[in-house]
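# Observations on the model geometry
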Amino acid sequence: MTALHDMTVAALAAELRAKKINATELAQHFLARSQADTSGAFLSFNPEATLAQAKEAEAQLAAGTAGPLAGVPMAHKDIFVTTDFPTTAGSKILEGYRSPFDATVVRKLGVQAGGAGMVNVGKLNCDEFAMGSSNENSAYKPVTNPWDTSRVPGGSSGGSSAAVAARLVPAATGTDTGGSIRQPASFCGITGIKPTYGRASRYGMIAYASSLDQAGPMARTAEDCALMLSAMCGPDLDRDSTSLDVLAENFARDLNAPLDGLRIGIPKEFFGEGLASGVRTAVEGALKEYEKLGVKLVPINLPLTELSIPVYYIIAPAEASSNLSRFDGVKFGHRTKDYTDLVSMYKRSRAEGFGEEVKRRIMTGAYVLSHGYYDAYYLQAQKIRRMISDDFQQAFKVCDVIAGPVAPTVAWKLGEKTDDPVANYLADIFTLPASLAGLPGMSVPAGFGENGMPVGLQLIGNYFKEAQLLNAAHRLQQATDFHLRQPGGAK
Amino acid sequence: MSTKQKSLLVQGYEVVIGFETHAQLSTQSKIFSRAPIAFGAEPNTQACAVDLALPGTLPVMNKGAVERAIELGLAVGAHIAEQSIFARKNYFYPDLPKGYQISQFEIPVVQGGEVSFFVGDEKKTVRLVRAHLEEDAGKSLHEDFIGQSGIDLNRAGTPLLEIVTEPDIRSSDEAVAYAKELHKIVTWIGICDGNMQEGSFRCDANVSVRKPGAELGTRREIKNLNSFKFMQQAIDFEVRWQIEQIEDGHAIQQATVLFDPDTGETRSMRTKEDAADYRYFPDPDLPPLVIGRDWVARVQSEMTELPRVMAARFVTNYGLPEYDATTLTQSKAMAAYFEAAAKACGQAKLVSNWVMGEMSRRLNASEVGIENAPVSVAQLAAMIGRIADNTISNSAAKQVFDALWTEGGEVDAIIEAKGLKQMNDTGALEAIIDEVLAANPKNVEEFRAGNSKALNGLVGPIMKASKGKANPAQVNELLLKKLQA
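Predicted, not measured: the structure shown is a model, and the values here were computed from it.

## Description of the overall build of chain B
- The helix and strand inventory of chain B stands at 16 helices and 17 strands.
- Over its C-alpha trace chain B gives a radius of gyration of 30 Å, far above what one expects of a compact globule, namely 23 Å for 485 residues.
- Overall, the C-alpha framework of chain B stretches about 95 × 55 × 50 Å when taken along its three principal axes.
- Evaluated residue by residue, chain B yields a buried proportion of 40% over its 485 residues.
- A sequence separation of at least 24 residues applies to 68% of the contacts in chain B between residues at least 6 apart.

Put into structure tokens, the structure is as follows:
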């Protein structure tokens, strides 16, 4: 029999419904694995709460009131606020903070009435306030990649990708602002999807860049992502004004649809200089698989791809500089012990509470919004952002889905880029365009590149085409076994 | 016109004033959260997670606040923007939980419009620039906490409409009249309770002076004028101070000042050099506020009759002079009182005279609102009915009114008890007239010689002899008949 931790969300949900396994035992199993982990993937546990949730799921299963994923363990990125666990956003400034309410996504996935019934094992490490692409910006500890513990798991949802890849949990939540679901999924050889901006409520998701932040699932298979995404999406108009009034769908409905005639656009700009040859080979291999499945590959252009880096690194820090103003030591979070007046309390609380990268982005953001620079930076960036969206709409006239690499390289070594923030920023080049346009995007295991590290294929769909992306991903996973490969660190 | 402008100059300077008024909107809950609004509640009991800016919270627009903004826009004849934008004004202060205030910056919801009012008997119109929606901050409490400050976030997130004028106001009198008119409009349409002590209606006045025809002078902004009396004092002081400075050869520095009621002076809080860079940018948590024309039409159809519309109707339907109509529509209660009484007795102008005259004088003297006036609509209408049908004279009516005010009772019974009925018996009156004519042959002679003024010398004694009960019109009529016979 397959070990419990090798089973998918779909399989575990079926077993639980068939009463072949018991939610409490399942929670204990994953809790034990997670608590024994040394990769740094978790920031906090509350076994009592986890087991109480499992008990609740069991009761719901017995009563026939259970949600579709009742009793299946998972873990939340520590950017989602939770009542049962502390929430830190990976920052010292929120050390020990406990939210009086659950994020909408937490509620929708959890055992509360109307929820999917999943059991939260703990809170997952991430880059501080989701700013980073290696998880090295966590104020608590870095996370190691289960495929090679000398390498990063990607970021900012690095705890999520590492935990899922190492089979500490069958699935996790992530958030994606400029690639924070797709890139770590690629680095750790798992599957992750960021839906259309506005489909998943941002209520209770600690804001980094409001106009870009989206929640999404990270799991081993496209099917598992589809099941979780179906539970996570849906309007939340009373709590989030950017939530779209678009009903949730059963994203798993088209998983097995044939791909004959599907047109996949290949943006020339995603395959230029700077793309590691191992990554190129793996991505091209996946595209060949698609051709075998009846897909037609169409060359397209996304000419502003390079500009997405400066545009993103103006807009996201601008929003962040304002979003993070509430962390001032007055109401909650860290307050310095050493201050003489109000201004020194502000300065020291924030200086002590925030890490280097967060400070860098707050300063960048404050600069681009300041009087005399706003037009030249922020407004200009917004204009180009619209042009990037327009380019995608041009492309979708000739193709249904866009495919390319998630990142230019495989996971790099811990410490390799910590002294060079710009090098980190450049590595986001392929994930930023879809984020800026608000399009759904995902990462699907496509093979292995340099040093035997996993490579993800990025699929980008038009607005609300998540089901189509998941269908394409699922069919690839039916034809390949990259998503089933186990990292050495997962034994 | 030129004489009027000249009369407004102060020591040869023209005063230029623009207003910014913060009207707290009378919604049940806050502008971006569902927490209730109640003045005077225990600190931090009227604030929810959104108001406290807890991590993960987001703003959601209160439609009631938008509707009130639309109502104001309609009341002042402004354009209601099809799409307006919320922006973040970023600054750090302990009573500002998010570290930014959500306001409207480049594109406000209400654009243009005007407010008209009388200063004395001169009609004045002030143009509005805009009115925009924003949230209020909390309060810092500096007392009761030794060496520390307390923060009360009950007020945080309370909806405000900031109403901004062009610099069209030319004196402190006009400023107060404008503020009173605006106060009337917002309370009339019910979007604000108008309570100035509780801060529901706060005015900032931008004041500058210049020689007539010169460029606008540098302005200083007097913040938080929370009574009409202080408003006048503060502006008068500020104008004198600015003129003094200029006459002494000092340039005015742009500044924000506060008025101290104890000293009657304004003093500078901060100058332009301290002005923060608020780093305004569109709030990415709030999509543009879209107001369809159907929404505007619906709000309009549900709105109460506006004071200026009602005043125009009083002119048309009741034949009142514009001054009367404007005065009577100073408050909804007064207008309602007038209209009910006018309808009951059919004597609109008489009712207007009594409401604006004796009634207002008494109400002001006893600081009572017309809705609590001791003389009811029915009583006033009955009394005026008795004036109109010649039962009592106007002067006798004053005694009736006094009796109604102080003791109450029924109009006819009071007339009876006090013996105020006019003498309508022609025979008795003719007898009095004959006596008076006989006693004053000189006046009779003069009148007959063509001196019509001599008549007055006869009317007085006749009224006196009738103990005021004769109907003056009837006296005139009979007297003329006899003299011309």
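Now that the structure has been shown, we can carry on.
## Structural notes on the overall build of chain A
- Scanning chain A for helices and strands turns up 15 helices and 11 strands.
- Rg of the C-alpha trace for chain A: 21 Å, near the compact-globule value of 23 Å for 491 residues, within the 12% margin.
- Put simply, chain A has 491 residues, and 62% of those count as buried.
- Counting only contacts in chain A whose residues sit at least 6 apart along the sequence, the fraction spanning at least 24 positions is 76%.

## Here's the deal with the confidence of the model for chain B
Residue and element names in this part refer to chain B.
- Averaged over all residues, the pLDDT of chain B equals 91, while 97% of them reach at least 70.
- Scored below 50 in pLDDT, residues 1-6 makes 1 contact in the model with residues more than four places away or belonging to other chains.
- The ipTM for the predicted assembly is 0.96, set against a pTM of 0.90.

## Observations concerning the pairing of strand S6 (residues 214-219) of chain A
Residues and elements named next belong to chain A.
- With 6 of 6 residues buried, S6 is to be regarded as a mostly interior element.
- A two-sided burial pattern is seen for S6, the buried positions comprising Gln214, Gly216 and Met218 on one face and Ala215, Pro217 and Ala219 on the other.
- Looking at chain direction, strand S4 (residues 171-176) and S6 are connected through 6 bridges and run antiparallel. Within S6, the position partnered with Ala172 by the bridge is Met218.
- With 2 bridges connecting them, strand S5 (residues 191-194) and S6 associate as antiparallel partners. Its bridge partner lying in S6, Thr191 is registered against Ala219.

## Some thoughts on the domain arrangement of chain B
- Assigned domains of chain B: these are domain 1 (2-297), domain 2 (305-418) and domain 3 (426-484).
- Taking the mean C-alpha position of each, domain 1 of chain B and domain 3 of chain B sit 64 Å from one another.

## Overview of the packing of helix H8 (residues 332-345) of chain B against helix H10 (residues 377-388) of chain B
Residue and element names in this part refer to chain B.
- Close contact between H8 and H10 brings their axes to 9 Å; oriented N to C, the two are set at 45°. It follows from the interaxial angle that H8 and H10 lie oblique. Handedness of the crossing formed by H8 with H10: right-handed. Across the interface between the two elements, Tyr337, Ala340, Ala341, Ala344 and Cys345 from H8 touch Val377, Ala378, Leu380, Ala381, Ile384, Gly385 and Ala388 from H10.
- Class assignment for the residues of the contact of H8 with H10 results in 11 nonpolar, 1 polar and no charged.

## Considering the environment of A:Leu457
All names here are of chain A.
- In this fold, Leu457 is placed in strand S11 (residues 454-461).
- Taking C-alpha positions, Leu457 is 13 Å from Ile181, a pair spaced 276 residues apart along the chain.
- When residues no more than four places from it in sequence are discounted, the contact partners of Leu457 are Val283, Ala286, Ala403, Val444 and Ala446.

## Notes on the interface of chain A and chain B
- Between chain A and chain B, the residue contacts involve 35 residues of the former and 26 residues of the latter.
- Breaking the side of chain A that touches chain B down by element, the ones donating at least two residues are helix H9 (308-323), helix H10 (342-353) and helix H11 (356-369) of chain A.
- A per-element tally of the side of chain A that touches chain B places H9(A) first, with 3 residues.
- When the residues that make up the side of chain A that touches chain B are grouped by side-chain class, the tally is 16 nonpolar, 11 polar and 8 charged.

## Focus: the packing of helix H9 (residues 348-366) of chain B against H10(B)
Residue and element names in this part refer to chain B.
- The contact between H9 and H10 brings their axes to 10 Å, and the two run at 125°. The angle between the axes of H9 and H10 places the two elements in the oblique class. Taken as a pair, H9 and H10 cross one another with a handedness that is right-handed. Where H9 abuts H10, its residues Leu350, Val351 and Trp354 lie against Leu380, Ile384, Ile387 and Ala388.
- Residue composition of the contact of H9 with H10, grouped by class: 7 nonpolar, no polar and no charged.

## Focus: helix H15 (residues 466-479) of chain A
Residue and element names in this part refer to chain A.
- In this model H15 runs 20 Å from its N-terminal to its C-terminal C-alpha over 14 residues, within 8% of the 20 Å that 1.5 Å per residue would give.
- Of all 14 residues in H15, 12 are buried; the element is thus mostly enclosed.
- Every buried residue belonging to H15 is among Glu466, Ala467, Gln468, Leu469, Leu470, Asn471, Ala472, Ala473, His474, Arg475, Leu476 and Gln477, and all of these are buried.
- Looking at the buried side of H15, the elements it contacts are S5, helix H7 (222-232), helix H8 (277-292), strand S9 (401-405), strand S10 (441-448) and S11.

## Re helix H13 (residues 426-439) of chain B
All names here are of chain B.
- Compared with the 20 Å implied by 1.5 Å per residue over 14 residues, the 20 Å span of H13 between its first and last C-alpha is a close match.
- Listing the buried residues of H13 in full gives Leu429, Ile433 and Val436. Buried residues of H13 fall within an arc of 65° about the axis and therefore sit on the same side. Turned more than 90 degrees off the buried face of H13, the exposed positions are Gly427, Ala431, Asp434, Ala438 and Ala439.

## Some remarks on the pairing of strand S12 (residues 201-210) of chain B
Residues and elements named next belong to chain B.
- Both strand S1 (residues 14-24) and S12 contribute to a ladder of 10 bridges, which runs antiparallel. Counterpart to Glu20 in the pairing with S12 is Asp204.
- Summarising the sheet, S12 and strand S13 (residues 220-225) pair through 4 bridges and their orientation is antiparallel. Each bridged residue has a counterpart across the sheet, and for Val207 the counterpart in S13 is Arg220.

## Observations concerning the environment of A:Thr24
Residues and elements named next belong to chain A.
- With respect to the secondary-structure elements, Thr24 resides in helix H2 (residues 23-35).
- The class of Thr24 is partly exposed, set by 18 C-beta atoms lying within 10 Å.
- Along the primary structure Thr24 and Glu249 are separated by 225 residues, whereas in three dimensions their C-alpha atoms are 29 Å apart.
- With near-sequence residues (within four places) excluded, Thr24 lies in contact with Leu51, Ala54, Lys55 and Glu58.

## Describing the sheet that holds strand S4 (residues 86-90) of chain B
Residue and element names in this part refer to chain B.
- Reading across the sheet, the 3 strands line up as S5-S4-S16 and stay open at both edges, with antiparallel pairing between neighbours. If you trace the sheet from one side to the other, it starts and ends with strand S5 (100-104) and strand S16 (281-282), each paired once.
- The pairing of S4 with S16 spans 2 bridges and is antiparallel. Paired with Ala87 across the two strands is Pro282, which belongs to S16.

## Comments concerning the environment of A:Pro142
Residues and elements named next belong to chain A.
- Looking at the element boundaries, Pro142 is found in the loop between strand S3 (119-124) and helix H5 (158-165).
- Looking at Pro142, the number of C-beta atoms within 10 Å reads 20, which means it is buried.
- Sequence separation of Pro142 and Asn250 is 108 residues, and the distance between their C-alpha atoms is 36 Å.
- With near-sequence residues (within four places) excluded, Pro142 lies in contact with Gly40, Asn135, Glu136 and Leu414.

## A word on unusual backbone geometry
- In this model, A:Gly155 is joined to A:Ser156 through a cis peptide bond whose omega is 5°.
- With respect to the secondary-structure elements, A:Ser156 resides in the loop between S3 and H5.
- A positive phi is found at B:Arg279, a non-glycine position, where the angle reads about 45°.
- Inspection of the secondary structure assignment puts B:Arg279 in the loop between strand S15 (265-271) and S16.
- The exposure class assigned to B:Arg279 is buried, which follows from the 25 C-beta atoms found within 10 Å.
- Positive phi values are uncommon outside glycine, yet B:Asn390 reaches one of about 65°.

How each quantity is defined
Residues numbered from 1 in each chain as written. Chains lettered and ligands numbered in written order. Predicted model: local features only at pLDDT ≥ 70, side-chain atom pairs only at ≥ 80, totals over all residues. Helix = DSSP H or I, 4+ residues; strand = E, 2+ residues; numbered from the N terminus. Rg over C-alpha atoms; globule rule 2.2 N^0.38 Å. Buried ≥ 20, exposed ≤ 12 C-beta atoms within 10 Å, placed from the backbone. Contact = placed C-beta atoms within 7 Å. pLDDT = per-residue confidence, 0-100. Pairing = 2+ DSSP bridges. Domains from an automatic or database assignment. Axes fitted to C-alpha atoms, helices over the stretch in contact; angles between N-to-C directions. Parallel < 35°, antiparallel > 145°, perpendicular 65-115°, else oblique. Left-handed = near helix turned anticlockwise from the far one by under 90°. Nonpolar A, V, L, I, M, F, W, Y, C, P; charged D, E, K, R; others polar. Expected span 1.5 Å × (residues − 1). Arc of directions from axis to C-beta.

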